2 protein chains.
Amino acid sequence: MTSELIFVGLGLSGTDGMTVKAFNALKECDKIYAEFYTSMLIGTKVEDLEAALGKRVHVLYRAQVEECDDVIKDAMEMRVGFITAGDTMSATTHVDLRIQAAEAGIPVRVFHGISIFSACPTSLGLQHYKFGRTVTLPFLEENYHPKSPYDHIKENKDRGLHTMILLDIRADELRYMTAHQAIEWLMTAESEWGEGLIDDKTILCVATHVGCPDERVFAGYPQDLLKMDLGEPLHSLVLPGKLHFMEAFALVKFAGAPEEIIEDE
Amino acid sequence: MTSELIFVGLGLSGTDGMTVKAFNALKECDKIYAEFYTSMLIGTKVEDLEAALGKRVHVLYRAQVEECDDVIKDAMEMRVGFITAGDTMSATTHVDLRIQAAEAGIPVRVFHGISIFSACPTSLGLQHYKFGRTVTLPFLEENYHPKSPYDHIKENKDRGLHTMILLDIRADELRYMTAHQAIEWLMTAESEWGEGLIDDKTILCVATHVGCPDERVFAGYPQDLLKMDLGEPLHSLVLPGKLHFMEAFALVKFAGAPEEIIEDE
């Protein structure tokens with residue numbers, strides 16, 4: 001058998017969200033490992049993937065990926081697929097796995113997947129190049145409320161840049177932060193630090209189930225969004241910086257933003 | 001016939017770089033328009049796409065997209081596909097087209113494509129969330145050397161953030177900026193403004209033909225990269241900020257960066 005390790009990003013939803021070439025490559029694999037604790041495929045069970053590919057999919061726990069032993073051992077003797085939701089290499093452990101494969105002399109191929117980093121701006125009609133650094137909001141533990149996400153969003157906003165705000169995913173505990181929780185996170189941070197990141201007239205954008213047939217987008221003021229039913233996670237949040245006319249128009253037209261944001265620009 | 005406008009991002013290369021669901025959707029279209037002047041599918045001719053889809057692909061000029069008339073008129077009467085390389089909605093004119101479709105009451109579906117914004121970090125082993133705003137280097141016209149790209153890269157670097165540097169594409173003139181031209185752009189800018197963005201010991205990363213089977217990555221000092229044959233465009237350039245150990249290790253292992261960058265961190 002051929003020794004090879006094939007990294008595949010499955011995209012955001014479904015068994016048909018990966019590229020045609022990734023699908024063809026996975027069908028030629030002798031064994032397939034999946035890592036779903038750093039990301040998640042919306043509305044798709046492992047069994048659906050197994051049926052689409054006609055192969056068993058071995059789901060790895062966090063510790064198994066961090067050790068990498070099984071994956072590397074198998075990839076020395078056969079063609080192994082390593083699949084993740086979104087794009088591949090999004091977690092440091094994936095890069096580590098690729099490095100270990102290289103050190104073991106295993107040939108590697110990488111098949112890119114649709115990533116929330118590009119899909120979320122697309123869905124909202126926001127221009128990708130105007131996004132600053134990305135921020136992740138962690139679930140608050142008792143007495144733990146880190147300030148850096150607040151600072152980084154503020155830094156972007158002060159420069160007129162949009163911020164993609166990723167919400168905590170703890171797939172192993174089945175906990176996914178909602179946009180409502182994220183908005184409350186930011187409002188709590190504002191009342192704590194008061195540097196003027198967010199107030200009642202700050203426009204926020206929410207994209208839910210990005211890349212799925214039931215994807216929806218919302219834009220509005222914090223209190224209005226908090227009153228709306230945004231549906232089940234996964235949710236993404238964007239705090240926009242300076243909006244181009246066409247961006248503001250798209251948010252009004254597609255995401256229900258108040259029309260006054262067009263005049264404000 | 002069904003009135004519909006389907007936006008599809010084809011990804012970065014080949015006729016199999018789009019998602020399985022996008023491919024299936026395009027096969028059901030009555031007419032397909034393509035826009036290839038803001039982006040380009042590497043190593044793939046329009047005829048290849050036509051053969052894969054079993055349909056004619058009508059390539060639009062810039063003025064035709066900006067007017068949108070034909071696309072909207074057809075989409076009122078049939079199922080129309082509007083395809084672009086990379087992800088869809090990357091240009092303001094695409095968002096405008098979507099808005100016009102909405103105003104004409106045409107149902108719209110969006111199929112995301114692999115974007116250079118996520119694929120380039122993946123290929124280099126750099127973490128996406130550590131990228132600041134994206135910068136595009138324009139070809140220099142006589143006496144035209146804008147300072148803003150230099151400033152924006154410097155701003156990112158000062159914050160420890162990586163910068164994705166997109167290189168000018170003028171598909172209608174068959175001109176594509178190479179990484180060598182881009183490095184010279186930055187060195188000229190440095191000698192003009194001298195604020196310390198780049199010197200002989202600045203690591204730069206180059207990714208060529210990202211998403212293609214012949215994708216390659218390079219990392220090294222400016223003078224060393226200038227001496228190397230980096231192959232044909234399309235090229236992407238990254239000026240990294242503060243490197244995580246695993247990022248530095250990946251650049252050494254996969255892109256030929258000098259080992260001393262690991263010790264420097």
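Everything below is about the structure printed above this text.
**Overview of the packing of aromatic side chains**
Inspection of every chain in the model, using the stated rule, returns six aromatic pairs over all chains. On the numbers, 5.6 Å between centres and 50° between planes, the contact of Tyr150(B) with Trp193(B) is tilted. Separated by 43 residues along the polypeptide, Tyr150(B) in helix α7 (residues 148–158) and Trp193(B) in helix α8 (residues 179–193) bring together distant segments of the chain. With relative accessibility at 0%, the residue Tyr150(B) sits in the buried group. The class of Trp193(B) is partly exposed, set by a relative accessible area of 22%. The ring of Phe254(A) is capped by Arg98(B), whose NZ or CZ atom sits 4.4 Å from the centre of that ring.

**Digging into the sheet that holds strand β1 (residues 4–9) of chain A**
Residues and elements named next belong to chain A. Strand order in this open sheet of five strands is β3-β2-β4-β1-β5, and the pairing throughout is parallel. Every other strand in the sheet has two partners, leaving β3 (57–60) and β5 (108–111) as the edge strands with one partner each. Sheet twist, expressed as the mean angle between neighbouring strand axes with direction ignored, is 20°. Strand contacts of helix α2 (residues 46–53): β2 (31–35), β3 and β4 (79–84), with the helix running at about 145° to β3, the strand carrying the most contacts.

**Notes on the packing of α7(B) against α8(B)**
All names here are of chain B. Look at α7 against α8: their axes get within 10 Å of each other, and the N-to-C directions meet at 90°. As the angle between them shows, α7 and α8 are arranged roughly perpendicular. Facing Pro149, Tyr150 and Ile153 of α7, the residues of α8 in contact are Trp185, Leu186, Ala189, Glu190 and Trp193. For the contact of α7 with α8, the class distribution of residues is seven nonpolar, no polar and one charged.

**A look at the interface of chain B and chain A**
Each side of the interface is counted separately: chain B has 50 residues, and chain A has 50 residues. Summing both sides of the interface, chain B and chain A together bury roughly 4,400 Å²; the carbon and sulfur share of this comes to 63%. Ranking the residues of chain B by area buried against chain A places Lys21(B), His112(B) and Thr122(B) at the top, with a combined share of 14%. The tally of links between chain B and chain A comes to four salt bridges. Of the charged contacts in the structure, one is a salt bridge between Glu103(A) and Lys253(B), with a shortest N-O distance of 3.4 Å. In this structure, the connection of chain B to chain A is made through 19 residue pairs in polar contact (both at pLDDT 80 or more). It is helix α5 (residues 92–103) of chain B that provides the largest number of residues to the side of chain B that touches chain A, a total of seven residues. Each residue belonging to the side of chain B that touches chain A can be placed in one class, and the counts come to 20 nonpolar, 19 polar and eleven charged.

**Considering the pairing of strand β12 (residues 235–239) of chain A**
All names here are of chain A. Burial analysis of β12 places five of its five residues in the buried class, the great majority of the element. The side-chain alternation of β12 yields two buried faces, one formed by His235, Leu237 and Leu239 and the other by Ser236 and Val238. Strand direction decides the pairing type here: strand β7 (residues 163–167) and β12, joined by three bridges, are antiparallel. Bridge assignment links Ile165 to a residue of β12, and that residue is Leu237. Of the strand pairs in this sheet, strand β10 (residues 204–208) and β12 are connected by four bridges, and their pairing is antiparallel. Bridged to Val206 within β12 is Leu237.

**Section: the sheet that holds strand β3 (residues 57–60) of chain B**
Residue and element names in this part refer to chain B. Taken together, five strands build an open sheet; the order of strands is β3-β2-β4-β1-β5 and the sheet is parallel. Unpaired on one side and paired on the other, β3 and β5 (108–111) mark the two borders of the sheet. Pairwise comparison of adjacent strand axes, ignoring direction, gives a mean angle of 20° for this sheet. Direction of pairing for strand β2 (residues 31–35) relative to β3: parallel, over a ladder of four bridges.

**Some remarks on the nonpolar core**
In this structure, Leu124(A), Leu251(A), Ile261(A), Leu124(B), Leu251(B) and Ile261(B) are the most contacted members of the largest nonpolar core, which totals 52 residues. Judged by nonpolar contacts, the second largest core, of 40 residues, contains Met18(A), Leu26(A), Val57(A) and Leu53(B).

**Looking at the relation of the copies chain B and chain A**
When chain B is fitted to chain A, the residual RMSD is 0.0 Å, and the transformation amounts to a turn of 180° plus an axial shift of 0.0 Å. Taken together, the turn and the small shift mark the pair as related by a two-fold rotation axis. Taking C-alpha positions as reference, the residue of chain B nearest the rotation axis is Thr19(B), located at 1.9 Å. An overlap of 100% is found between the interface residues of chain B and their copies at the interface of chain A, pointing to a shared contact surface.

About the cut-offs
- Residues numbered from 1 in each chain as written.
- Chains lettered and ligands numbered in written order.
- Predicted model: local features only at pLDDT ≥ 70, side-chain atom pairs only at ≥ 80, totals over all residues.
- Heavy atoms only, no water.
- Phe/Tyr/Trp six-rings, centres within 6.5 Å; stacked < 30°, edge-to-face > 60°.
- Helix = DSSP H or I, 4+ residues; strand = E, 2+ residues; numbered from the N terminus.
- Buried < 20%, exposed > 50% of the residue type's maximum accessible area, 1.4 Å probe, protein only.
- Lys NZ or Arg CZ within 6 Å of the ring centre and 35° of its normal.
- Pairing = 2+ DSSP bridges.
- Axes fitted to C-alpha atoms, helices over the stretch in contact; angles between N-to-C directions.
- Contact = heavy atoms within 4.5 Å.
- Parallel < 35°, antiparallel > 145°, perpendicular 65-115°, else oblique.
- Nonpolar A, V, L, I, M, F, W, Y, C, P; charged D, E, K, R; others polar.
- Buried area = accessible area lost by both parts, 1.4 Å probe.
- Salt bridge = Lys/Arg side-chain N within 4 Å of Asp/Glu carboxyl O.
- Polar contact = N/O pair within 3.5 Å; in protein donor to acceptor, adjacent residues only side chain to side chain.
- Core = buried A, V, L, I, M, F, W, Y, C linked by side-chain atoms within 4.5 Å.
- Least-squares fit on C-alpha atoms with pLDDT ≥ 70 in both.

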